[in-house]
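Below are the chains, spelled out letter by letter.
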Amino acid sequence: MSLYVPTGSDTSWSNDMYKSRLDQTHIHDRRSAGFTLLEVMVALVIVGTALGASLRAVGSLTQNSGDLRAAMMATWSAENRLAQIRLAHEWPALGQRRFECPQGELLLICEENVFTTPNPYFRRVEVSVLDAQNTGDVQNTGRRIIKLAQAVPNAQ
């Protein structure tokens with residue numbers, strides 16, 4: 001923006017008009033120099049909300065990763081017990097029993113239930129894997145992570 005400065009021979013501009021035009025130029029320059037406090041505060045609220053949402057998403061992914069790892073380890077424990085029964089050609093006794101079945105640093109409790117089937121030459125074996133992380137006690141366990149079942153033939 002160019003500013004017209006009158007010379008002594010130009011009488012079309014009065015002194016008041018010159019001052020008014022000069023004041024408007026200074027006000028316009030001051031406003032275009034930066035952001036207002038309100039604009040900065042709105043921008044900070046938007047950035048803070050976006051960061052909070054991203055932190056929540058990362059935390060959720062971390063929690064899901066830990067749960068998936070526990071489910072995988074519990075599945076291995078249950079499959080190990082069922083494979084042990086198959087390979088040893090066991091005819092498991094009817095009833096329920098609990099035993100520790102840790103995987104790495106994860107403390108797990110396996111609960112084995114053996115039921116009869118309509119066919120007397122088979123038994124149904126269910127292995128549930130429970131979380132013992134909080135209690136550490138075989139009798140007092142936490143939540144059930146997984147449950148696998150298998151029919152076992154009488155090998156005799």
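Residues numbered from 1 in each chain as written. Predicted model: local features only at pLDDT ≥ 70, side-chain atom pairs only at ≥ 80, totals over all residues. Heavy atoms only, no water.

> What is the right way to read the confidence of the model for the protein from this model?
A low pLDDT score tells you not to read the predicted coordinates there in detail. Of the residues in the protein, 73% reach a pLDDT of 70 or more, and the chain-wide mean stands at 82. Per-element confidence in the protein is highest for strand 2 (residues 108-116), whose mean pLDDT is 95, and lowest for helix 1 (residues 15-31), whose mean pLDDT is 59. (pLDDT = per-residue confidence, 0-100. Helix = DSSP H or I, 4+ residues; strand = E, 2+ residues; numbered from the N terminus.)

> Looking at this model, I keep getting lost on the state of the cysteines. Mind explaining?
In this structure the tally under the stated criterion is one disulfide. In this model Cys101 forms its disulfide with Cys110; the gap between the sulfur atoms is 2.1 Å. Because the sign of the S-S torsion sets the handedness, a value of about 100° for the bond joining Cys101 and Cys110 places this disulfide among the right-handed ones. The exposure class of Cys110 is buried, given its relative accessible area of 0%. (Disulfide = S-S within 2.5 Å. Buried < 20%, exposed > 50% of the residue type's maximum accessible area, 1.4 Å probe, protein only.)

> Just to check I follow, could you spell out the nonpolar core for this structure?
Soluble globular proteins: nonpolar side chains tend toward being buried together. By size, the foremost hydrophobic cluster in this structure holds 17 residues, and its most contacted members are Leu108, Cys110, Val125, Val127 and Val129. Within the residue set of this core, elements represented by two or more residues are helix 2 (37-87), strand 2, strand 3 (122-131) and strand 4 (144-153). Counting residues per element, this core draws most heavily on helix 2, at six residues. Excluding residues within four positions of it along the chain, Val125 makes contact with Leu82, Ile85, Pro92, Glu112, Asn113, Val114, Leu148, Ala149, Gln150 and Val152. (Core = buried A, V, L, I, M, F, W, Y, C linked by side-chain atoms within 4.5 Å. Contact = heavy atoms within 4.5 Å.)

> Where do I start with the pattern of salt bridges in this structure?
Close approach of charged atoms allows side chains with opposite charge to pair. Within the structure shown, the criterion is met by seven salt bridges. Among the salt bridges present, the one from Arg81 reaches Glu90, with a minimum N-O distance of 3.4 Å. Judged by relative accessible area, Arg81 falls into the buried class, the value being 6%. Taking relative accessible area as the criterion, Glu90 reaches 25% and is therefore assigned partly exposed. Between Arg81 and Glu112 there is a salt bridge, with its nearest N and O atoms 2.4 Å apart. Taken together, the residues Arg81 in helix 2 and Glu112 in strand 2 connect sequence positions 31 residues apart. Accessibility classification places Arg81 together with Glu112 in one group, the buried group. Linked by salt bridges that have partners in common, Arg81, Glu90, Arg97 and Glu112 make up one network. (Salt bridge = Lys/Arg side-chain N within 4 Å of Asp/Glu carboxyl O.)

> Got a minute to help me understand the sheet that holds strand 2 in this structure?
Working definition: the strands of a sheet are paired by backbone hydrogen bonds and lie parallel or antiparallel to each other. As summarised here, the arrangement of the four strands in space is 1-2-3-4, forming an open sheet in which the pairing is antiparallel. Of all strands in the sheet, those bounded by a partner on one side alone are strand 1 (95-100) and strand 4. Each strand of the sheet is rotated relative to its neighbour by a mean of 20°, with strand direction disregarded. Of the strand pairs in this sheet, strand 2 and strand 3 are connected by nine bridges, and their pairing is antiparallel. Bridging from a neighbouring strand, Cys110 pairs with Val129 of strand 3. Contacts from helix 2 reach strand 1, strand 2, strand 3 and strand 4 within the one sheet, and its direction differs from that of strand 4 by about 20°. (Pairing = 2+ DSSP bridges. Axes fitted to C-alpha atoms, helices over the stretch in contact; angles between N-to-C directions.)

> Teacher, can you tell me more about a nonpolar patch on the surface here?
Among the surface-exposed residues, Phe35, Leu37, Val40, Met41 and Leu44 lie close enough to one another that they form a single nonpolar patch of about 580 Å² accessible area. Inspection of the secondary structure assignment puts Val40 in helix 2. Using a relative accessible area of 36% as the deciding quantity, one classes Val40 as partly exposed. (Patch = residues over 30% accessible without salt bridge, like charges linked within 9 Å, V, L, I, M, F, W, Y side chains within 5 Å. Areas by Shrake-Rupley, 256 points an atom, 1.4 Å probe, with all protein chains shown as cover.)

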